[in-house]
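These are the residues of each chain, in order.
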Amino acid sequence: MKILVCVKQVPDTNEVKIDPVKGTLIRDGVPSILNPDDANALEEALKIKDKKPGTTVSVITMGPPQADDMLRECLAMGADEAYLLSDRAFGGADTCATSTTIAAGIQKIGDYDLIFAGRQAIDGDTAQVGPQVAWRLGIPVVTYVQDVKLCEEKVIVQRQMENGYEILEVQMPCLLTAVKELNEPRYMSIGGIMDAYAKKVTVWNHEDVVLDPKDCGLNASPTQVFRSFTPAPKGKGEMLNGTVTEMTELLTEKLKEKHYL
Ligand SMILES: Cc1cc2nc3c(=O)[nH]c(=O)nc-3n(C[C@H](O)[C@H](O)[C@H](O)COP(=O)(O)OP(=O)(O)OC[C@H]3O[C@@H](n4cnc5c(N)ncnc54)[C@H](O)[C@@H]3O)c2cc1C
């Protein structure tokens, strides 16, 4: 069985701070990490590999050359192969162009039974890339996956909903997007770290994945960020005074005013 996992290197948004004077984001010294949902996606692929001999797990990313570090981390966790789609022509991509490039990379790899992605990346936060890649490949997709069971040519998955979950049976090949409830990602092993640096990361540019520069990156992005800004900090909280009944009534009124009730 051949499993592909889409992984993205992201800034650790827990470490991003706001400059109290300028009100801008401080990005200096912010470490880059494997996107958390993608670690769950990779873990699920590795769990299948642990149970099913002969399974190979490949990770694929589109990003700058520095994404090599994250791919080595994935190899050290247990992935067999890593692919980096890196080219200036891919820069400035919105989700539409990102999924075009990832799908082109997957088509070049060719042979796959199952593709995992994270539900969402913590920097772009759109949750669009997984479904778009599946659509471009013409395969079924299930998002918000919190449990996976293999059943011959099919997978039976639990899809997380607001108040429970639904169980779906999907024909392979298909793409599943993982949520954090799916599993607990494993740590890299010492042996894995040593092996990861001996393994080759395959780097492909636009010619390798047969994409014209006009069909990728900024040139193929129907959306462009017009302006970005740091949201103003929330004002001070308001203290309510009076008896418990008075305060409850006042609070209820305020919540109604804001249409929360
Ligand atoms: C309007 C707009 C304009 C943008 N312009 C720029 C720009 O000019 N420059 C720029 O650098 N970025 C830009 N971005 C960000 C860029 O589109 C996103 O980083 C990228 O498309 C992924 O989207 P996301 O982070 O929302 O991922 P999501 O859709 O939230 O990610 C879901 C999952 O898809 C997979 N995935 C996502 N991205 C990748 C990837 N690169 N490689 C492998 N797997 C992946 C992962 O498994 C991830 O968990 C723009 C985004 C938008 C919305």
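Rules of the game
- Residues numbered from 1 in each chain as written.
- Predicted model: local features only at pLDDT ≥ 70, side-chain atom pairs only at ≥ 80, totals over all residues.
- Heavy atoms only, no water.
- Salt bridge = Lys/Arg side-chain N within 4 Å of Asp/Glu carboxyl O.
- Helix = DSSP H or I, 4+ residues; strand = E, 2+ residues; numbered from the N terminus.
- 1 Å grid on protein atoms, 1.4 Å probe; cavity = no way out; pocket = protein on both sides within 12 Å on 5 of 7 lines; lining within 4 Å.
- Points joined across faces, edges and corners; volume = space filled by probe spheres on them.
- Nonpolar A, V, L, I, M, F, W, Y, C, P; charged D, E, K, R; others polar.
- Pairing = 2+ DSSP bridges.
- Axes fitted to C-alpha atoms, helices over the stretch in contact; angles between N-to-C directions.
- Contact = heavy atoms within 4.5 Å.
- Near = heavy atom within 4 Å.
- Polar contact = N/O pair within 3.5 Å; in protein donor to acceptor, adjacent residues only side chain to side chain.
- Areas by Shrake-Rupley, 256 points an atom, 1.4 Å probe, with all protein chains shown as cover.
- Sits in = over half its atoms within 2 Å of the grid points.

An unreviewed UniProt entry annotates the protein chain as Electron transfer flavoprotein small subunit of Lacrimispora sphenoides JCM 1415.

### Side note on the pattern of salt bridges
Under the criterion given, the structure shown has 14 salt bridges. Between lysine 154 and glutamate 169 there is a salt bridge whose closest N-O contact spans 3.3 Å. On the criterion of sequence distance, the pair formed by lysine 154 in strand E10 (residues 154-161) and glutamate 169 in strand E11 (residues 164-171) is long-range, its members being 15 residues apart. The network of salt bridges with common partners includes Glu43, Asp50 and Arg186.

### Observations regarding the layout of surface pockets
There is about 1,200 Å³ of room inside the largest pocket. Around the largest pocket, the lining is made up of 50 residues, and of these Lys8, Thr98, Ala121, Asp123 and Gly124 lie nearest the centre. Of all the secondary structure elements, the ones that give two or more residues to the lining of the largest pocket are strand E2 (9-11), strand E6 (56-62), helix H3 (95-109), strand E8 (114-118) and helix H4 (129-137). Among the residues making up the lining of the largest pocket, the classes are represented as 23 nonpolar, 19 polar and 8 charged. Forming the boundary of the second largest pocket are 22 residues, of which Pro36, Asp37, Ala39, Asn40 and Pro185 lie nearest the centre. Those elements that provide at least two residues to the lining of the second largest pocket are helix H1 (36-51) and helix H2 (68-77).

### Some thoughts on the sheet that holds E10
Across the sheet, which stays open at both edges, the 9 strands sit in the order E11-E10-E9-E12-E8-E1-E6-E7-E13 with mixed pairing between neighbours. The open sheet has two free edges, formed respectively by E11 and strand E13 (201-204), since each of these has just one partner strand. On average, adjacent strands in this sheet sit at an angle of 30° to one another, irrespective of strand direction. Direction of pairing for strand E9 (residues 141-151) relative to strand E12 (residues 174-178): parallel, over a ladder of 3 bridges. Bridge pairing links valine 142 to leucine 176 in E12. Across the sheet, H1 is in contact with strand E1 (2-6), E6, E8, E9 and E12; its angle to E8 comes to roughly 150°. Running at roughly 180° to E12, H4 makes contact with E8, E9 and E12 of the sheet.

### Side note on the site of the ligand
Of all residues adjacent to the ligand, which total 29 residues, the nearest are Lys8, Asp38, Thr98, Ala121 and Thr126. Within the backbone of cysteine 6, an N or O atom sits 2.8 Å from an oxygen atom of the ligand. For the ligand, an oxygen atom lies 3.3 Å from a polar atom in the backbone of glycine 124. Here the ligand loses 79% of its free accessible area of 940 Å² to cover by the protein chains. Applying the majority rule of atoms within 2 Å of the grid points places the ligand in the largest pocket. Where the shell around the ligand is concerned, the elements lending two or more residues are E6, H3, E8 and H4.

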